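# Structural characterization, general
Listed below are the residues making up each chain.
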Amino acid sequence: MTAYDWLVVGAGITGAALAYELQKAGFKVGLIEPNPDLQGGSRWGYGGIPYWAGSDLVTQTISAQGWQKYQGLSEDLGIDIGLRELPLLLTIAPEQDSGTMPGNLLSPDQAAQLEPLLNPRAIAGAWLLNHAHVSPVQLCEAYIQAFQTRGGKLIFAKAQQISTHKILTDQTSLAADQIAICSGGWSRELLARSRFQVKLYFTHCEVFESDPTDLELRCMVMPLTSNRLDLERQISQAAYETNWQQQRLIPTFDQISIDVGAVQFSDRSLKIGQSSYIHPDPNFTPDLDSHQIALFEQVKWVLPGLTTLKGTYHHCLVGFSPDALPLIGALPQEPNIHLFTSFTTPMIYAPPLAERFAQRFAASFRQADPILDRLSPQRFDQT
């Protein structure tokens with residue numbers, strides 16, 4: 001049995017960033033990941049970095065710190081992460097209130113001039129915002145490589161159960177002073193198997209990934225109002241907690257929710273979506289064929305030039321909390337088992353919060369951090 005200072009479960013963007021920052025801070029860290037090829041939300045995510053975002057002082061502070069960290073992240077990791085500026089168009093549906101955003105409000109024709117693949121008849125306008133982008137896969141690989149260069153240990157195994165100072169995997173049993181769960185939507189099942197109840201939920205997220213194409217999408221396109229976020233707010237209400245605990249379908253939500261968006265990567269492939277489906281069983285497989293058809297029925301109206309692309313339709317879990325903020329901190333029942341998961345906006349939040357988390361524990365005493373305290377899982381009533 002190998003002893004570590006920290007064991008981090010999950011090598012997506014949250015786990016990779018946290019493992020790196022902990023190793024950089026001087027800890028002996030093991031990073032546990034079941035898949036040699038990255039999967040989950042970090043594999044199928046868009047990679048957008050909304051550094052302009054933030055609805056209150058906490059989220060505005062994290063966003064600003066995240067953008068500042070990105071400026072030197074390639075140098076810090078010793079690897080080019082491929083960071084780039086990429087305009088963001090938030091499309092306004094017909095008869096939708098345009099609201100207020102920190103950008104420029106464009107007419108349908110102005111939006112189509114900026115992004116020729118956009119159908120101006122499908123929208124009432126669009127907000128143009130400064131934005132940035134990075135490939136989530138490239139960023140994770142950079143973090144993991146830098147983590148290993150500093151002496152961190154990447155362990156390919158599936159975590160099956162956790163307890164104080166110990167993780168049982170499908171390969172062996174591992175021991176550590178501290179444990180961090182960074183498994184996104186799968187965190188709930190791992191915690192439940194370990195007899196921990198946490199206000200952590202997930203959607204079954206679906207995205208189409210195209211083959212590389214000669215088509216050029218000049219902007220990242222997303223809807224102004226996210227149906228997924230509305231769905232998450234509804235489904236995490238206390239009235240449905242029994243359904244989540246028993247992994248029973250909630251009939252009211254037995255349909256997909258679609259947000260039409262797209263982004264093109266440096267290899268010229270595109271990710272198009274997303275579709276979200278609620279089923280409390282993480283091992284449930286949605287009807288992907290019918291869901292892809294439903295997605296493209298809407299895509300062909302907003303971005304008609306993308307519907308003929310060849311590619312594959314993918315499914316993963318995306319974790320979230322009832323208030324759309326990350327869960328960061330110790331479990332109420334176990335002060336040595338920590339959550340660092342359920343990031344609704346992981347690309348901008350994960351890098352600075354991972355650094356804050358590591359700095360808190362690197363001190364001879366645990367430093368006070370009001371932002372991390374605000375994100376503690378203990379902010380919710382636990383049962």
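That block above? That's the structure.
Here goes a summary of the coordinates provided.

So, how was this worked out
- Residues numbered from 1 in each chain as written.
- Predicted model: local features only at pLDDT ≥ 70, side-chain atom pairs only at ≥ 80, totals over all residues.
- Heavy atoms only, no water.
- Helix = DSSP H or I, 4+ residues; strand = E, 2+ residues; numbered from the N terminus.
- Rg over C-alpha atoms; globule rule 2.2 N^0.38 Å.
- Buried < 20%, exposed > 50% of the residue type's maximum accessible area, 1.4 Å probe, protein only.
- Contact = heavy atoms within 4.5 Å.
- Areas by Shrake-Rupley, 256 points an atom, 1.4 Å probe, with all protein chains shown as cover.
- Lys, Arg positive; Asp, Glu negative; His and termini not counted.
- Charge placed at Lys NZ, Arg CZ, Asp CG, Glu CD.
- Salt bridge = Lys/Arg side-chain N within 4 Å of Asp/Glu carboxyl O.
- 1 Å grid on protein atoms, 1.4 Å probe; cavity = no way out; pocket = protein on both sides within 12 Å on 5 of 7 lines; lining within 4 Å.
- Points joined across faces, edges and corners; volume = space filled by probe spheres on them.
- Nonpolar A, V, L, I, M, F, W, Y, C, P; charged D, E, K, R; others polar.
- Pairing = 2+ DSSP bridges.
- Phe/Tyr/Trp six-rings, centres within 6.5 Å; stacked < 30°, edge-to-face > 60°.
- Lys NZ or Arg CZ within 6 Å of the ring centre and 35° of its normal.
- Polar contact = N/O pair within 3.5 Å; in protein donor to acceptor, adjacent residues only side chain to side chain.

## Some thoughts on the overall build of the protein chain
Helix and strand counts for the protein chain stand at 12 helices and 19 strands. Over its C-alpha atoms the protein chain spans a radius of gyration of 20 Å, differing by no more than 12% from the 21 Å that the globule rule assigns to 383 residues. Over its C-alpha atoms, taken along the principal directions, the protein chain stretches across nearly 60 × 50 × 40 Å. Scored against the burial criterion, the 383 residues of the protein chain give a buried share of 55%. For the protein chain, contacts bridging at least 24 residues in sequence account for 75% of all contacts bridging at least 6. Within the structure as shown, the protein chain displays about 16400 Å² of accessible surface, and the carbon and sulfur contribution to it stands at 48%. Mean positive and mean negative side-chain charge positions of the protein chain (27 and 38 charges, respectively) differ by 5 Å.

## Points about the pattern of salt bridges
Once their charged atoms are close, side chains differing in charge can pair, the charge on each being opposite to the other. In the structure shown here, the tally under the stated rule is 13 salt bridges. A salt bridge links arginine 228 to glutamate 232; its shortest N-O distance comes to 2.6 Å. Of this pair, arginine 228 and glutamate 232 both sit in helix H8 (residues 227-235), 4 residues apart, which is roughly one turn of the helix. A salt bridge links aspartate 373 to arginine 360, with the nearest nitrogen and oxygen atoms 2.8 Å apart. Taken together, the residues aspartate 373 in helix H12 (residues 370-374) and arginine 360 in helix H11 (residues 346-362) connect sequence positions 13 residues apart.

## Examining empty space enclosed by the protein
Summary: where empty space remains is shown by rolling a probe the size of a single water molecule over the atoms. Under the counting rule described, the total for this entry stands at 2 cavities of 30 Å³ or more. In this model, the second largest cavity occupies a volume close to 40 Å³. Considered class by class, the residues forming the lining of the second largest cavity number 3 nonpolar, 1 polar and 3 charged.

## So, the pairing of strand E7 (residues 125-129)
Of all 5 residues in E7, 4 are buried, a share of seventy percent or more. Where strand E5 (residues 88-92) lies against E7, 5 bridges are found, and the strand directions are antiparallel. Note on E7: the bridge partner recorded for threonine 91 is alanine 126. Bridge analysis of strand E6 (residues 104-106) against E7 gives 3 bridges, and the strand direction is antiparallel. Note on E7: the bridge partner recorded for asparagine 104 is leucine 128.

## Quick look at the sheet that holds strand E3 (residues 48-49)
Pairing in this open sheet of 3 strands is antiparallel, and the strands run E3-E8-E4 from one edge to the other. Because the sheet does not close on itself, it has two edges, and the strands there are E3 and strand E4 (84-85). As paired elements, E4 and strand E8 (residues 132-133) share 2 bridges and run antiparallel to each other. Its bridge partner lying in E8, glutamate 85 is registered against alanine 132.

## Description of the packing of aromatic side chains
Tallied over the full model, the rule gives 13 aromatic pairs. Arranged with centres 5.0 Å apart and planes meeting at 50°, the rings of phenylalanine 340 and phenylalanine 343 form a pair that is tilted. Grouping residues by exposure puts phenylalanine 340 and phenylalanine 343 together as buried. Every member of this aromatic cluster is reached through a ring pair, and the members are Trp6, Phe340, Phe343, Phe357 and Phe361. It is lysine 28 that lies over the ring of tyrosine 4; its NZ or CZ is 5.4 Å from the centre. In this structure, lysine 271 packs its charged tip against the face of phenylalanine 265, placed 4.1 Å from the ring centre.

## Describing the environment of leucine 303
For leucine 303, the location among the structural elements is in the loop between helix H10 (288-302) and strand E17 (311-320). Separated by 31 residues in the primary sequence, leucine 303 and isoleucine 272 have C-alpha atoms spaced 9.8 Å apart. Sequence-distant contacts of leucine 303, that is, excluding residues within four places in its chain, are made with Leu117, Leu118, Leu217, Val221 and Ala262.

## With respect to the side chain of glutamate 232
Residue glutamate 232 is classed as buried on the basis of its relative accessible area, which comes to 3%. Side chain to side chain, glutamate 232 and arginine 228 meet in a polar contact 2.6 Å long. In this structure glutamate 232 touches Thr203, Phe320 and Thr344, once residues within four positions along its chain are discounted.

## Some thoughts on unusual backbone geometry
In this structure, glutamine 274 follows glycine 273 across a cis peptide bond, with omega equal to 0°. Although it is not a glycine, arginine 195 adopts a positive phi angle of roughly 70°. Within the secondary structure, arginine 195 sits in the loop between helix H7 (187-193) and strand E13 (201-210). We classify arginine 195 as exposed; its relative accessible area is 76%. The residue arginine 268 is not glycine, and still its phi comes out positive at about 75°. Structurally, arginine 268 is set in the loop between strand E15 (257-264) and strand E16 (270-277). On the basis of relative accessibility, which here comes to 34%, the residue arginine 268 falls in the partly exposed class.

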